[in-house]
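# Understanding the architecture of this molecule
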Amino acid sequence: MKNRSSSILAALLSLLPALPSEVMAQSSDGTDAFHETTAEHDARMAWWRDARFGMFVHWGLYSGLAGNWDGKQLKKGGGMEWIQQYVKADTDAYAAQALPLFQPKPGFAREWMKLAKQAGCRYVVFTTKHHEGFSLHDSKTGDFNAGAKLKRDLVKEIVEAARAEGLKIGFYHSLIDWHHDQYEYAKAKGLPHPLAGKAYPNGKRDHELYKAHLHSQVKELLAGYGKVDILWWDFSSQAFQGDPAWGATDLVNMVRTLQPQVIMNNRLYSGATTQAAADESKLFNTRKGDFTTPEQRIPATGMPGVDWETCMTLNGTWGYSEYDKGWKSDKALIRNLVEIASKGGNYLLNIGPKGDGSLCPETIKAFTAIGRWMKVNAESIHGTTASPFEAPDWGRATRKGGVIYLHVQEWPKDGVLTVPMRNHAVEALLLAEPATKIPSSSTPEGLKLKLPKQAPDPHVSVVKLVVKGEPDVLPVENAASAKAP
Ligand code: FHN
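Bringing the site of the ligand into the picture now. In the neighbourhood of the ligand, 15 residues make up the surrounding shell, with H58, E81, W82, H131 and D234 lying closest. With respect to the ligand, the side chain of H130 contributes an N or O atom lying 2.9 Å from an oxygen atom. The side chain of Y172 places a nitrogen or oxygen atom 3.4 Å from an oxygen atom of the ligand. Across the complex, the protein chains shield 94% of the 330 Å² of accessible surface that the ligand would expose by itself. Residue composition of the shell around the ligand, grouped by class: seven nonpolar, four polar and four charged.

Here it is as structure tokens:
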């Protein structure tokens, strides 16, 4: 027996153009009807697992505010994409300050995508809508969007720029909405809202109407911009998630109908997204998403059998702030990429463009430095799987079949690198100097490589080691702390 609210949602959804029913999986009992075999799942995930590295883009009305409110710096620290939350502004007061400062220049996205491509990113995930509720596409649902306010379809412009660089397309879409007048924030326990604790300005709200708005905009995005490769939902709480919060089952079935190959994160539901969980793999359910999303941290160990992606800022904020100078060093960024790949994860590294879409010099410098390193060493990241052995004290490793890539961070003073494996080496060379063959010898302590005196890279030098047979690993006595550098 459907209750009233699902009848309203069903009625509103019925207003949407009918989807081909033969492929619209039924979900009347609330169970997700999306099924695939392991082989089908692996095939759908293959490109994403090989990619290892993507660019995250947080760009919206908050970008034009740049950390300011009422014309001055609001506060030190914090994500400046949350500025409406910090100042507890209602949507009209917020838009009055933010909209005039959001003035995308022509061709803004081409700079982002060229920077992503040269850095070795294989995909870009950008905010189609963040919590502020302003949609970057020319939406026919509501008027708080780029089409209505700027007469532009910024999603179209970004997608075209990404495709011009051969990058896969990811839509970040906020489930939380600080603009929509039917979003029942009093129900959304554990989720932020600038008006939390206050009575609804328009008296009462019906969250089913917000869910219909959410579904309608997602349908516009998935039906209007060609192939979408990733859907990055954000975010749920333990108390407000799934069907009650977002109509998740119907939403996923609609997505799977419109974009069957799309890869989704797991934030339609609560999970170990930002909490340090002892064993995240226990909390992760592939029927509720395709990958889990540790945020601003690298799991201590890999998560065998679970796809995961660490998302991180370059400094301390996702959205642009003219004040946050806490930029990560080139070394830290490159070592994070290596650390994550060595554990079998993906790195989604964020940029926060300004209100006109331009990039600050520090962002360009960071991705250019990664690009310089990837130009020499990309094969040790793309298409690899996790290290076959625990992290030794000299660095990390990744694997590609019979090839082990040794990411040497502490160059041995005596020039001898001990690899905790019993295998014999077929060949060993430096990716930076492939002509330099590296002598090796098998010993009871492991495979010893005689390295040249000088490390070729100041941050991480990579040795390509081809071994005979399956890796036969030795325990690593003092496995290095798995903490990110
Ligand atoms: O609240 C958002 C935040 O602004 C940012 O978008 C991050 C990126 O993963 N997600 C949420 C916090 O977990």
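Further remarks concern the pattern of salt bridges. Summed over all chains, the structure comprises 26 salt bridges. In this structure, the salt-bridge partner of R256 is D290, at a minimum N-O distance of 3.1 Å. Of this pair, R256 sits in helix α11 (residues 248-258) while D290 is found in the loop between α12 (280-283) and β8 (309-312), placing the two residues 34 residues apart along the sequence. Of the two residues, R256 and D290, neither departs from the other in class, the shared state being buried. What emerges from the salt-bridge pattern is a single network uniting E36, R44, R256 and D290.

This part covers the sheet that holds strand β15 (residues 440-443). The sheet built from three strands is open, its strands ordered β13-β16-β15 with antiparallel pairing. Every other strand in the sheet has two partners, leaving β13 (416-419) and β15 as the edge strands with one partner each. The average undirected angle you get between the axes of adjacent strands in this sheet is 25°. Sheet analysis places β15 next to strand β16 (residues 446-450), joined by four bridges and oriented antiparallel. Across the sheet, residue S440 finds its bridge partner in β16, namely L449.

Bringing the packing of helix α6 (residues 108-119) against helix α14 (residues 361-377) into the picture now. Two elements in contact, α6 and α14, have axes whose closest approach is 7 Å; the angle formed by their N-to-C orientations is 30°. By the angle between their directions, the pair α6 and α14 is classed as roughly parallel. Of the residues in α14, those in contact with E111, L115, Q118 and A119 of α6 are T363, I364, F367, T368, I370, G371 and M374. Of the residues belonging to the contact of α6 with α14, the class tally is six nonpolar, four polar and one charged.

Before going further, it helps to spend a moment on the sheet that holds strand β6 (residues 230-234). Adjacent strands of a sheet form backbone hydrogen bonds with each other and so pair up, either parallel or antiparallel. Spatial ordering of the open sheet is given by β7-β6-β5-β4-β1-β9-β8, a layout of seven strands whose pairing is parallel. The sheet terminates laterally at β7 (263-264) and β8, the two strands that pair on one side only. Contacts from α14 reach β1 (53-57) and β9 (346-351), with the element oriented near 150° to β9.

Turning our eyes to something else, we now look at the environment of G242. Tracing the chain through its elements places G242 in helix α10 (residues 242-246). Residue classification places G242 among the buried residues on the basis of a relative accessible area of 2%. Distance from G242 to Y269, taken between C-alpha atoms, is 5.2 Å for residues 27 residues apart in sequence.

The share of residues in the protein with pLDDT of 70 or more is 88%, and the mean pLDDT across the chain is 90. The low-confidence segment residues 272-278, where pLDDT is below 50, has 17 contacts with residues more than four positions distant or belonging to other chains.

Angle between the axes and distance between the axes are the two parameters that describe a pair of packed helices. For the pair helix α9 (residues 207-224) and α11, interaxial distance at closest approach is 10 Å and the crossing angle is 15°. Taken together, α9 and α11 sit at an angle that is classed as roughly parallel. Every pair of crossing elements has a handedness; the one defined by α9 and α11 is right-handed. Across the interface between the two elements, L214, H215, V218, K219, L222 and A223 of α9 pack against D250, L251, M254, V255 and L258 of α11.

It is worth spelling out the nonpolar core at this point. Residues F53, W112, F171, W246 and F367 are the most contacted members of the largest nonpolar core, which totals 99 residues. Mapping this core onto the domain boundaries places at least three of its residues in each of domain 1 (4-380) and domain 2 (395-483). Contacts of W112, omitting those with residues within four sequence positions, involve M55, V57, W59, I158, I351, P353, G357 and L359. Listed in part, the 19 residues of the second largest apolar core include I404, M421, A428 and L449.

This next bit is on the packing of aromatic side chains. Considering all chains together, one arrives at 23 aromatic pairs under this definition. By the ring-pair criterion, three or more aromatic residues cluster together here, those being W59, F102, F108, W112, F134 and F144. We note K75 situated over the ring of Y86; from NZ or CZ to the ring centre the distance is 4.1 Å. Lying over the aromatic face of W47, K168 brings its terminal NZ or CZ to 5.0 Å of the ring centre.

Rules of the game
Every chain is numbered on its own, with residues counted from 1 as its sequence reads. Whole-chain, interface and lining totals are the exception, using all residues; otherwise, since this is a predicted model, local features are given only for residues with pLDDT of at least 70 and side-chain atom pairs are given and counted only at 80 or more. Side-chain figures throughout are based on the complete set of non-hydrogen atoms in the structure, without hydrogens or water. Whether a residue is near a molecule or strand depends on its heavy atoms: it is near if one of them lies within 4 Å of it. Polar contacts here mean pairs of N or O atoms no more than 3.5 Å apart (in protein, one a potential hydrogen donor and the other a potential acceptor; neighbouring residues in sequence count only if both atoms are side-chain atoms). Residue exposure ignores everything except the shown protein chains as possible cover, and the areas themselves are Shrake-Rupley values with a 1.4 Å probe. Polarity classes work like this: nonpolar for Ala, Val, Leu, Ile, Met, Phe, Trp, Tyr, Cys and Pro, charged for Asp, Glu, Lys and Arg, and polar for all others, with Gly in that last group. Here a salt bridge means any side-chain nitrogen of Lys or Arg lying within 4 Å of a carboxyl oxygen belonging to Asp or Glu. Put simply, DSSP marks the helices as runs of H or I at least four residues long and the strands as runs of E at least two long, and each gets a number from the N terminus on. Only protein chains enter the accessibility calculation, which uses a 1.4 Å probe; a residue is then buried when its area is under 20% of its type maximum, exposed when over 50%, and partly exposed in between. When DSSP finds two or more bridges between two strands, those strands count as paired. Inter-axis angles, ranging from 0 to 180 degrees, are taken between N-to-C directions of lines fitted to C-alpha atoms, where helices are fitted over the stretch in contact. In these notes the angle categories are as follows: under 35 degrees is roughly parallel, over 145 is roughly antiparallel, 65 to 115 is roughly perpendicular, and the rest is oblique. Residues count as neighbours in contact if any of their non-hydrogen atoms are within 4.5 Å of one another. Per-residue confidence from the prediction method is given by pLDDT, with values spanning 0 to 100. The sense of a crossing depends on the near helix, which, turned anticlockwise from the far helix by less than a right angle, makes the crossing left-handed and, turned clockwise, makes it right-handed. Residue types Ala, Val, Leu, Ile, Met, Phe, Trp, Tyr and Cys, when buried and joined through side-chain atoms within 4.5 Å, form a set referred to as a nonpolar core. A domain assignment, automatic or from a database, supplies the domain bounds used here. Stacked, edge-to-face and tilted labels apply to pairs of Phe, Tyr and Trp rings (six-membered ring for Trp) whose centres lie within 6.5 Å, assigned for plane angles under 30 degrees, over 60, and everything in between, in that order. Charge-over-ring placement is defined geometrically: NZ (Lys) or CZ (Arg) within 6 Å of the ring centre, and within 35 degrees of the ring normal.

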